[in-house]
Every structure is written in C-alpha cells, then in structure tokens.
Amino acid sequence: RKEVEQDPGPFNVPEGATVAFNCTYSNSASQSFFWYRQDCRKEPKLLMSVYSSGNEDGRFTAQLNRASQYISLLIRDSKLSDSATYLCVVNHQDSSYKLIFGSGTRLLVRP
Amino acid sequence: DAMVIQNPRYQVTQFGKPVTLSCSQTLNHNVMYWYQQKSSQAPKLLFHYYDKDFNNEADTPDNFQSRRPNTSFCFLDIRSPGLGDAAMYLCATSSPGAALSSYEQYFGPGTRLTVT
C-alpha cells in the first residue's frame, strides 16, 4: 500500500462547479498534512496546511479525518485558473519534517 | 524577491558526464531537501540536510551526492548520469519548529535535466 494515495483523475468540471478530492494516508501517527498545487512543468506550491479542526481559505476548504486516515480538499466556484495537479502531502513516519507526496489529482476546469 | 533559487533551470548532459545542480535560499531555513520528480509521479526525496547533518534516503543511488557548504547553498552532484536520471530536480527548504506551519516546505523552480 502506498503511503499517500490519491485518485489521479483527471476531474473535468465546468467553471463555477464545486469539486472535492480525497487522499488517504497509511501512517496513523502522521501529524502534518498539506495540500500543494503543481502546474504543468512547474514546482509544487503550498496551497494550504490542514489542521485537525479543518480550515478554509477563500474558496478552498481542507478537512482531516484521523479515524479514517483521509484528507479532503473542496474547491468551490471553480475558476479556469484552478486547473492544475493537487498534491496531498503527509509527514514521513520517521520524521516530522520529512514529507511524503502523493502522485496528485489532476483538475481541468473548462469554460 | 525570489526565496529558493535553482540554477540552471534546464541542463543537458551526456550519458556518464558528471553534472552539478545548485540551489540557494534567502529564507535562512535550516533544512534543505533535494527531490527528483519524473513525469506524472510524486516528488521523491533523495536526501536532505538538517543544518550540516546530511541525511540520505535508503533508496537513493550512490550516483547521487550532495554538498552544503553554508546555510544558503546546497548542491546536487550526479556522478555518472544515466538515461533514467532524466527528470525535474527540485530543491526545497523548511525551518521546523513548534507550529504546524513551520513544517511547510518551499520549493525552488526546479532544474529539468536531460541526459543524451
């Protein structure tokens, strides 16, 4: 089983749609969770950290479910510029500051 | 106000010819990481420096080495590049502390390596 698993997609949605991605992780002791965004042939950029209580940043909402070991990302009112790959990231079992990246979920927002 | 800088952005090398990629940071972060990312795959951690302490991942080939002469700079040396080493190489930094946000990693723009 992979340490971080994501549906590769692509998710193809119209502008204005709401879309949600889930990610599962295998290490129950993980403490740090993040969502990164990666555009084609560019570096990953931090989208948001995921806090235990869940957190929201504008159109983006992240949730953590420790019991089921999954993290979710909800994007409301999708924009064309949201088209990218979204990487789920969890800290390594050996170290809190080493991160394990999922392979990403690709989102395509169409006009 | 670039924070993590990688040079060069594109590097072409010949099979077996040593190559060095460089990374510098203005964040004064104490941890620097090197990742390898191939198309449609997750970034794979090769190694990292926590201050001057070098930490190699168990599955990183011996062909890959790293140097960190000071806080700001870190180098990735590929001693004998093979065709399978063609990838994007990403440098990242962090400054771990008490807050969750301190474990966030900040990436440079990457160096795309082509091996001919």
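Here, every reference points to the structure presented above.
As a starting point, this report considers the structure included with it. (Residues numbered from 1 in each chain as written. Chains lettered and ligands numbered in written order. Predicted model: local features only at pLDDT ≥ 70, side-chain atom pairs only at ≥ 80, totals over all residues. Heavy atoms only, no water.)

With respect to the overall build of chain B
Helix and strand counts for chain B come out as 0 helices and 11 strands. Seen in sequence order, chain B has helices and strands lined up from the N terminus as β-β-β-β-β-β-β-β-β-β-β. Radius of gyration (C-alpha) of chain B: 14 Å, near the 13 Å computed for a compact globule of 116 residues. Along the first, second and third principal axes, the C-alpha atoms of chain B reach 45 × 30 × 30 Å. Taking contacts inside chain B between residues at least 6 apart in sequence as the whole, the part at least 24 apart equals 56%. Accessible area for chain B stands at about 5,500 Å²; split by element, carbon and sulfur atoms hold 50% of it. Considering chain B, the positive charge centre built from 9 side chains and the negative charge centre built from 9 side chains are found 8 Å apart. (Helix = DSSP H or I, 4+ residues; strand = E, 2+ residues; numbered from the N terminus. Rg over C-alpha atoms; globule rule 2.2 N^0.38 Å. Contact = heavy atoms within 4.5 Å. Areas by Shrake-Rupley, 256 points an atom, 1.4 Å probe, with all protein chains shown as cover. Lys, Arg positive; Asp, Glu negative; His and termini not counted. Charge placed at Lys NZ, Arg CZ, Asp CG, Glu CD.)

Details of the sheet that holds strand S7 (residues 64-67) of chain B
All names here are of chain B. Taken together, the 4 strands give an open sheet; going across it, the order is S1-S3-S8-S7, and neighbouring strands pair in antiparallel fashion. Looking at the sheet topology across the chains shown, the edges are occupied by strand S1 (4-7) and S7. Geometrically, the sheet is characterised by an average inter-axis angle of 20° between neighbouring strands, direction not taken into account. With 6 bridges connecting them, strand S3 (residues 19-25) and strand S8 (residues 73-78) associate as antiparallel partners. Residue pairing in the sheet places serine 24 in a bridge with phenylalanine 73 of S8. (Pairing = 2+ DSSP bridges. Axes fitted to C-alpha atoms, helices over the stretch in contact; angles between N-to-C directions.)

So, the interface of chain A and chain B
Counting residues at the interface gives 22 residues for chain A, matched by 24 residues for chain B. For the pair chain A and chain B, the summed buried area comes to about 1,900 Å², and 59% of that belongs to carbon and sulfur atoms. The largest per-residue losses of area from chain A upon contact with chain B belong to Arg41(A), Tyr97(A) and Phe101(A), which jointly make up 32% of the total buried on that side. Counting the contacts that link chain A with chain B gives 1 salt bridge. (Buried area = accessible area lost by both parts, 1.4 Å probe. Salt bridge = Lys/Arg side-chain N within 4 Å of Asp/Glu carboxyl O.)

A few points about the pairing of strand S9 (residues 87-94) of chain B
Residues and elements named next belong to chain B. Of all 8 residues in S9, 8 are buried; the element is thus mostly enclosed. Taking every second residue as pointing to the same face, both faces of S9 are buried, with Ala87, Tyr89, Cys91 and Thr93 on one and Met88, Leu90, Ala92 and Ser94 on the other. Relative to S9, strand S4 (residues 31-37) runs antiparallel, the two being bridged by 7 bridges. By the bridge assignment, valine 31 is partnered in S9 with serine 94. Examined bridge by bridge, S9 and strand S11 (residues 111-115) share 3 bridges and lie antiparallel to one another. Residue pairing across strands places alanine 87 opposite leucine 113, the latter belonging to S11. For S9 and strand S10 (residues 106-107), the ladder comprises 2 bridges, and the chain directions are antiparallel. Considered in S10, the bridge of alanine 92 is made with phenylalanine 107. (Buried < 20%, exposed > 50% of the residue type's maximum accessible area, 1.4 Å probe, protein only.)

Some points on the sheet that holds strand S7 (residues 60-65) of chain A
Residues and elements named next belong to chain A. On the basis of which strands lie adjacent, the open sheet formed by 5 strands has the order S1-S3-S8-S7-S6 and antiparallel pairing. Both edges of this open sheet fall to strand S1 (4-6) and strand S6 (55-57), since each of them pairs with a single strand only. The average angle at which neighbouring strand axes cross in this sheet is 20°, direction not considered. In this sheet, strand S8 (residues 70-75) lies alongside S7 in antiparallel orientation, the contact comprising 6 bridges. Across the sheet, alanine 62 pairs through a bridge with leucine 73, a residue of S8.

Focus: the environment of Cys23(A)
All names here are of chain A. With respect to the element layout, cysteine 23 can be found in strand S3 (residues 19-25). Linking cysteine 23 and tyrosine 70, residues 47 residues apart in sequence, is a C-alpha distance of 5.4 Å. Apart from residues lying up to four places away in sequence, cysteine 23 is in contact with Val4, Glu5, Gln6, Trp35, Gln69, Tyr70, Ile71 and Cys88.

Structural notes on the state of the cysteines
Each disulfide consists of one covalent bond between the sulfur atoms belonging to two cysteines. Residue and element names in this part refer to chain B. Evaluated as defined, the whole model comprises 2 disulfides over all chains. Between cysteine 74, a cysteine without a disulfide, and cysteine 91, which holds the nearest cysteine sulfur, the sulfur-to-sulfur distance is 6.0 Å. According to the relative accessible area criterion, cysteine 74 is buried, its value standing at 0%. (Disulfide = S-S within 2.5 Å.)

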